[in-house]
Every structure is written in C-alpha cells, then in structure tokens.
Amino acid sequence: MAIVTCPTRPFAGQKPGTSGLRKKVAVFLQPGYLENFVQALFDGLHGADGRTLVVGGDGRFHNREAVQVILRMAAAKGFARVLLGRSGILSTPASSCLIRKHGAYGGLILSASHNPGGPDGDFGIKYNVGNGGPAPEKLTDETYARTQSIAAYHISDQSPVDIDTPGERRIEQMVVEVVDPVADHAALMRECFDFGAIARLLAGGFRIRCDTMNAVGGPYAKAILEDELGAPAGSVVNATPLEDFGGLHPDPNPANADDLIRHMSAPDAPDFGAATDGDADRNMIVGRGFAVAPSDSLALLAAHATLVPRYRDGLAGIARSMPTSCAADRVAEALGVRCHETPTGWKFFGNLLDAGAVTLCGEESYGTGSDHVREKDGLWAVLFWLNILAVAGGSVESLVRSHWARFGRHYYSRHDYEGVAAERAEQLMDGLRGQLGALAGQSLEGRRVVLADDFAYTDPIDGSRTERQGVRLVFEDGARVVFRLSGTGTEGATVRVYLEAPVQDPARHEVPTQQMLAPLAAIAQRTARIRETLGRDRPDVVT
Ligand code: VG1
Ligand code: CO
C-alpha cells in the first residue's frame, strides 16, 4: 500500500454554489472530477494532520463509490481518523452534530440535497468546517481557484474498505471508524426536547405521518418517532434511503410531497404531517388540510420556544435569510431581541450562532434550525412542532391562526422559473438592477416603493462582505418583492421571485394566498418583464 500522486488537469466550473458543488451525475463520473475538487479543498486545509474528518452522504446514486475515493484521499492528506456513517449514510444535520461532538477538523457531506437523484439526476459534495457548519465563502472561493490550476492529486492505492460493518479498519496510517449514523443525533434531540410529553401526546392517539421521501431522513425519523416515541409502525413512510429516491423528488413542498398533502387532506387525515428532503435538513409541516408556510413556521417556533426544554430561558436572537418573510421579525420585536437578515444559504448563520447572537434561524425554503448544530435540521423542526403541540395543545392550524391573530399574517409565496437560459436570467437581473435608482419613491399598482436595492451583507462578526444577493423592492405597507437567481441548480438558471404581503386585520386572513399576492405578482411581471425576457407565461413551481 502506498500514497500515489496522480497527474490531472483542471475541469471548468467546479465552483460551489449556495450549498456545495452540485452537478449532474455524469459530470461527477468523469475520471478525476471528484478527486480534483477534493484535492483543491484539502490543499487549503491547514493543520489537518492527525485530526478527524467526518464523512457521509444522503445515499444517492454514486454515494458509496465517492466515499471510497474520499477515504483514500483523506489517508493521503494525513487525517488520523475518519468517522464514517454506516454504509456511507449521514444526514446533513447529523454530520454537523458529529463534527461538533467529536471535535472533528471538519466533514465532507455527499449530497445534492433537494435536487433529484439517480443516474440521470444530480450529485453533490459540500465541506463543513470545525464548528459543524458549511464552509464560509472565503474557503469555497479559494477551493474553486485551486481547481482551476490543479495538476495532481494524492490518493492511497489501497483497495476499497468495508463501509457497512460498524467498527474500525485502516487505510495506510488512518483509522476508518464506521459508526451508527443515528445515535449521536438522536441523543442530541433527546437533550433538546421533552420526549416524555411527545410520547404521551402520541400515546393519546395523536396521529402523525412523516414522509422522508426515500431519502436519508428515514432511519433518523423511524428511530426517534416510531422506536423511541412510540408512534405506530408506518407513521414514517418512504423511510428507506434509495439511490434514486424511488423516483420521488425529495424537495419537500406541496407540489413534490403531493402524496403527503393528499393524506393530510383526506377525511381521516392524521393530526400532523411532515416531509423532509434528500439530506434531511429541510422540513415541511402540514396540519389537517393545512400546509404551514416555512416563514410562518420559523416565526411560530420562535414565539413558542420557551415551551421547549432547550430554549426554556428564551432566545438570544433570530436570523432569517433576506427573502424569508418578516413574520419572524414581528416575534423578535415582541421578545425584545434582534432579527438578523442574511443572504440565502445556511453558511451565513454560522458566525451569528457561534457568537451567541442568535438561537433560531430559518429560510423560506423549508429550512429551520438552531444553535444545537450549525445546519438546518428537518427532524429537529418536526420534534419542535410536536413538543409545542404536546404542551400547548390545539391543532397545527389553530396554532398558526392564533399566531396570525396576534402578530398579523405575512402572506407569502415563491414563484420559480426553472431551467431558463442563463443569459436570459442575467438579463432579467441586470434589467432590474438598472432600474433601482428610478424605482425608489415610485408608486407601483398603488403601492409606494420605499426601498429598492441589490441586497448586500456585512457579517457583523468577521466583517466579510457579500454583494449582489438579490434585488428587493420594499413597499410602504411592508410588502416585498424579491428577485434572485438560484445557486443550487444544475441545468440553466432558475429565477426565484419571492412575494410577501403583511396583513394585520384578522378578517382578511382567509383570502387565498395567490389572490392576496396577485397585485405583487403583477408588479414583479411589469418591473422585471418576466414574460418578455424569459418567454414564460407562468412560473414552473409555486410554493
Ligand atoms: C436553495 C434555497 C436556500 C437553501 C439552499 C440549500 O438555494 O433557496 O434557501 O439554503 O437551497 O438548501 P438556491 O440558491 O437554489 O435558492 V438544501 O436543503 O438544497 O442544501
Ligand atoms: Co437539504
């Protein structure tokens, strides 16, 4: 056995996006493609010698092969130990948990998260640093720069190791420890929540349906909800991680998790429904015939946080990504804490969490989390909701309606235009940026614009600056229209249009969402010239 140095040549476009490097499987299958990226990353990790690396993925197609490559490269890099989830499986929040708990140097997560899987789908890889959170942009930018000049990578020539049997084996000097992917994360959940109260709720006949969409959330949800908390077998469905997600698209929204929505709308619907995504960091919460908007979910968790053991003493602060609705801001005001507004992507919450400036974080894209790890956490959100329901009583719908009655309702919707030509998408954004100066102060459809800008963020902890994070129009009444391009897609570009309208008057809380937001959609169309620029009459996905 030896460490060998293999000559290689750069691949174009190995630039991590909102969350890691995501490409079509066929792209990742090119010889040297994964190796180049990992070497470019490793070359920027100093002091990793003798330290531990956490490795695991969401179980999608190519996960197992990629794990073997990474193990052999980690040995070449000089890591002393790899903690590997059994069979190469680790959810994103569980990876974050393992890195923190075991004081690891960092972790590699093999996942394209909510992107489709299978041989024709997407693959992805992301690196998390020692705090358990996604690598900051400085590191991913440097990694990308190195991919553009890479000439060789280093790898052990040892044959593949057993990744399915718990225990230790060796690659060169490095120990590979195959661990139960669930145990540490489950222990952390036990510390956060009142499991006794949740178990009593379930024992009392409160019925749940958790759809893990044939992705990595299954083993975690089954272990906790069924085996530990006593939900009847079958409460967790689609619970075996499959390489192609069994044809499902594990991006939990009402369109993709339509089976869950159907069950939750049936006459004999369970009391509580939830779905998680490919790497189990996202969550969708559904009541009987009632889907909860993710921005509302964040606000509601914040408002009820003291009912949950871990947050009993209150919140230090809240953070939300810029396009996420301002519902959480209303709660922060009531609690007398700050609500930070960050660019899209969990990496921007890391410093705030480390500094103790915020306790809860969330995004409009079905992501919620807290300072218990440094990632969003799907199962954590499910347990948080169940803990609240167990203690406060009521239904999902009644909790949300009383929240609206107290804080006002922030009507919210995201309209996605997918797979559009990249130049058209850029043209649309440039067109908007060109109008920013003129838009402020104008009246559009009877609403006066009080702010029109391209969102930029200065991290309050390390002073790093991130620009061009989305064009936003903010109106006098607090309504907002936000435009940004997706940074996770692998085909063409995706234009996201985010619409938000705060409505105080409870008498108007019954208006259907799209009806309430139609005037804002019209403003978006007129200002961005969506139809003319993209050649699309309507969005592909409305959530
Ligand atoms: C999307 C979401 C963003 C989320 C990111 C990663 O990014 O909008 O809120 O953080 O996915 O989520 P974008 O750039 O496509 O809008 V996950 O669960 O796919 O890692
Ligand atoms: Co995800």
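This text goes with the structure placed above it.
Remember, it's a predicted structure, so these values are computed and weren't measured experimentally.

About the criteria used
- Residues numbered from 1 in each chain as written.
- Chains lettered and ligands numbered in written order.
- Predicted model: local features only at pLDDT ≥ 70, side-chain atom pairs only at ≥ 80, totals over all residues.
- Heavy atoms only, no water.
- Buried < 20%, exposed > 50% of the residue type's maximum accessible area, 1.4 Å probe, protein only.
- Helix = DSSP H or I, 4+ residues; strand = E, 2+ residues; numbered from the N terminus.
- Arc of directions from axis to C-beta.
- Contact = heavy atoms within 4.5 Å.
- Donors = N, O, S within 2.8 Å, 3.2 Å for Na, K, Ca; no water.
- Core = buried A, V, L, I, M, F, W, Y, C linked by side-chain atoms within 4.5 Å.
- Pairing = 2+ DSSP bridges.
- Near = heavy atom within 4 Å.
- Polar contact = N/O pair within 3.5 Å; in protein donor to acceptor, adjacent residues only side chain to side chain.
- Nonpolar A, V, L, I, M, F, W, Y, C, P; charged D, E, K, R; others polar.
- Axes fitted to C-alpha atoms, helices over the stretch in contact; angles between N-to-C directions.
- Parallel < 35°, antiparallel > 145°, perpendicular 65-115°, else oblique.
- Left-handed = near helix turned anticlockwise from the far one by under 90°.
- Phe/Tyr/Trp six-rings, centres within 6.5 Å; stacked < 30°, edge-to-face > 60°.
- Lys NZ or Arg CZ within 6 Å of the ring centre and 35° of its normal.
- Disulfide = S-S within 2.5 Å.
- Expected span 1.5 Å × (residues − 1).

S.K.: Would you mind going over helix H5 (residues 137–147) with me for this structure?
M.R.: Where H5 is concerned, the buried positions are Leu139, Thr140, Thr143 and Thr147. Along the axis of H5, the buried residues cluster in a sector spanning 95 degrees; they form a single face. Buried residues along H5 sit against helix H2 (33–42) and strand S6 (122–128).

S.K.: How should the coordination of the cobalt ion (ligand 2) be read in this particular structure?
M.R.: Perfect tetrahedral coordination of a metal by four donors corresponds to 109.5 degrees between them, and perfect octahedral coordination by six donors corresponds to 90 or 180 degrees. Coordination of the cobalt ion (ligand 2) by the protein comes from Ser113 (OG), Asp277 (OD), Asp279 (OD) and Asp281 (OD), over a distance range of 2.0 to 2.1 Å. The sequence pattern describing where the donors of the cobalt ion (ligand 2) fall on their chain is S-x163-D-x1-D-x1-D. Within this pair, whereas serine 113 is found in the loop between strand S5 (106–110) and S6, its partner aspartate 281 is found in the loop between strand S12 (272–276) and strand S13 (283–287), the two being separated by 168 residues in sequence. For the pair shown, serine 113 and aspartate 281 are each scored as buried.

S.K.: How should I be thinking about the nonpolar core in this particular structure?
M.R.: When a protein is soluble and globular, its nonpolar side chains tend to lie buried together. Phe193, Leu225, Phe272, Trp380, Leu383, Phe384 and Trp385 are the most contacted members of the largest nonpolar core, which totals 71 residues. If near-sequence neighbours (up to four positions away) are discounted, leucine 225 is found in contact with Leu202, Ile208, Cys210, Gly230, Ala231, Val236, Leu379, Val382, Leu383 and Leu386. Ranked by size, the runner-up nonpolar core spans 43 residues in total, among them Cys6, Ala66, Phe123 and Val176.

S.K.: Help me out: how do you make sense of the pairing of strand S19 (residues 409–420) in this one?
M.R.: Looking down a regular strand, the side chains alternate between one sheet face and the other. Taking burial as the measure, the twelve residues of S19 include ten buried ones, the bulk of the element. Two elements, S19 and strand S26 (residues 493–503), share ten bridges in a ladder whose sense is antiparallel. Within the sheet, the bridge partner assigned to arginine 409 lies in S26 and is valine 503. Sheet analysis places S19 next to strand S27 (residues 541–542), joined by two bridges and oriented antiparallel. Bridge pairing in S27 links histidine 415 to valine 542.

S.K.: Before we go on, may I ask you to explain the site of ligand 1 in this structure?
M.R.: As a structural note, the neighbourhood of ligand 1 is formed by 20 residues, with Thr18, His114, Gly487, Thr488 and Arg496 the closest of them. Within the side chain of threonine 18, an N or O atom sits 2.5 Å from an oxygen atom of ligand 1. Side-chain polar atom of arginine 496 to an oxygen atom of ligand 1: 2.5 Å apart, as the coordinates give it. A breakdown of the residues in the shell around ligand 1 according to their chemical character gives no nonpolar, ten polar and ten charged.

S.K.: Explain the packing of H2 against H5 to me, please; I cannot follow it from the model alone.
M.R.: The relative placement of two packed helices comes down to the angle between their axes together with the axis-to-axis distance. At a closest axis distance of 8 Å, the pairing of H2 and H5 adopts a crossing angle of 125 degrees. As summarised for this structure, H2 and H5 are arranged oblique, according to the angle between their axes. For the pair H2 and H5, the sense of crossing is right-handed. Facing Phe37, Ala40 and Leu41 of H2, the residues of H5 in contact are Thr143, Arg146 and Thr147. For the contact of H2 with H5, the residue count by class is three nonpolar, two polar and one charged.

S.K.: Explain the packing of aromatic side chains here, please?
M.R.: Two numbers describe a pair of aromatic rings. These are the distance of the centres and the angle of the planes. Under the defined criterion, the tally for this structure stands at 13 aromatic pairs. Judged by centre distance (5.9 Å) and plane angle (65 degrees), the ring pair of phenylalanine 193 and phenylalanine 384 falls under edge-to-face. On the criterion of sequence distance, the pair formed by phenylalanine 193 in the loop between helix H6 (183–192) and helix H7 (195–203) and phenylalanine 384 in helix H13 (residues 378–392) is long-range, its members being 191 residues apart. Overall, the relative accessible area of 0% leaves phenylalanine 384 in the buried class. Here the aromatic rings of tryptophan 380 and phenylalanine 384 are separated by 5.2 Å at their centres, their planes lie at 80 degrees, and the arrangement is edge-to-face. Taken together, the positions of tryptophan 380 and phenylalanine 384, both in helix H13 and four residues apart, correspond to about one turn of that helix. For tryptophan 380, a relative accessible area of 0% translates into the label buried. Within the aromatic cluster, the residues linked to one another by ring pairs are Phe11, Phe28, Tyr33 and Phe123. Arginine 409 extends its terminal NZ or CZ atom over the ring of tyrosine 411, reaching a point 3.8 Å from the ring centre.

S.K.: Would you explain the side chain of glutamine 469 in this entry?
M.R.: Residue placement: glutamine 469 occurs in the loop between strand S23 (465–466) and strand S24 (471–475). Judged by its relative accessible area of 18%, glutamine 469 falls in the buried class. Not counting residues up to four positions away in its chain, the partners in contact with glutamine 469 are Met322, Pro343, Thr344, Asp454, Phe455 and Arg484.

S.K.: How should the state of the cysteines be read in this particular structure?
M.R.: In protein structure, a disulfide is the covalent linkage between the sulfur atoms of two cysteines. Evaluated as defined, the whole model comprises zero disulfides. Residue cysteine 97 stays outside any disulfide, its sulfur separated by 9.2 Å from that of cysteine 192, the closest cysteine. The buried category is assigned to cysteine 97, whose relative accessible area is 4%.

S.K.: Could you clarify how one ought to interpret helix H8 (residues 217–228) in this entry?
M.R.: Each α-helix turn comprises 3.6 residues. Residues three or four places apart therefore point the same way. The end-to-end C-alpha distance of H8 is 16 Å, a good match for the 16 Å that twelve residues give at a rise of 1.5 Å each. Directly beyond the C-terminal end of H8, a positive phi value near 90 degrees is found at glycine 230.

S.K.: How should the sheet that holds strand S20 (residues 443–444) be read in this particular structure?
M.R.: To summarise the sheet geometry, strands pair through backbone hydrogen bonds and adopt either a parallel or an antiparallel arrangement. A sheet is described by the order of its strands in space; here seven strands give the open sequence S20-S21-S24-S25-S26-S19-S27, paired in antiparallel fashion. Where the open sheet ends on each side, the last strands, each with one partner, are S20 and S27.

S.K.: I would appreciate a short explanation of the packing of helix H11 (residues 327–335) against helix H14 (residues 396–407) in the present structure.
M.R.: Contact geometry for H11 and H14: axes closest at 11 Å, N-to-C directions at 65 degrees. The pairing of H11 with H14 is recorded here as roughly perpendicular in orientation. Crossing handedness for the pair H11 and H14: left-handed. In this structure, H11 uses Arg330, Val331 and Ala334 to contact H14, whose residues at the interface are His403, Arg406 and Phe407.

S.K.: What is the right way to look at the sheet that holds strand S8 (residues 167–171) in this model?
M.R.: In spatial order, the strands read S2-S6-S5-S3-S4-S9-S8; together these seven strands make up an open sheet with mixed pairing. In this open sheet, the two edge strands, each paired with only one partner strand, are strand S2 (21–24) and S8. Strand-to-strand, the axes of this sheet are offset by a mean angle of 20 degrees, without reference to chain direction. Here five bridges tie strand S3 (residues 52–57) to S5, and the two strands are oriented parallel to one another.

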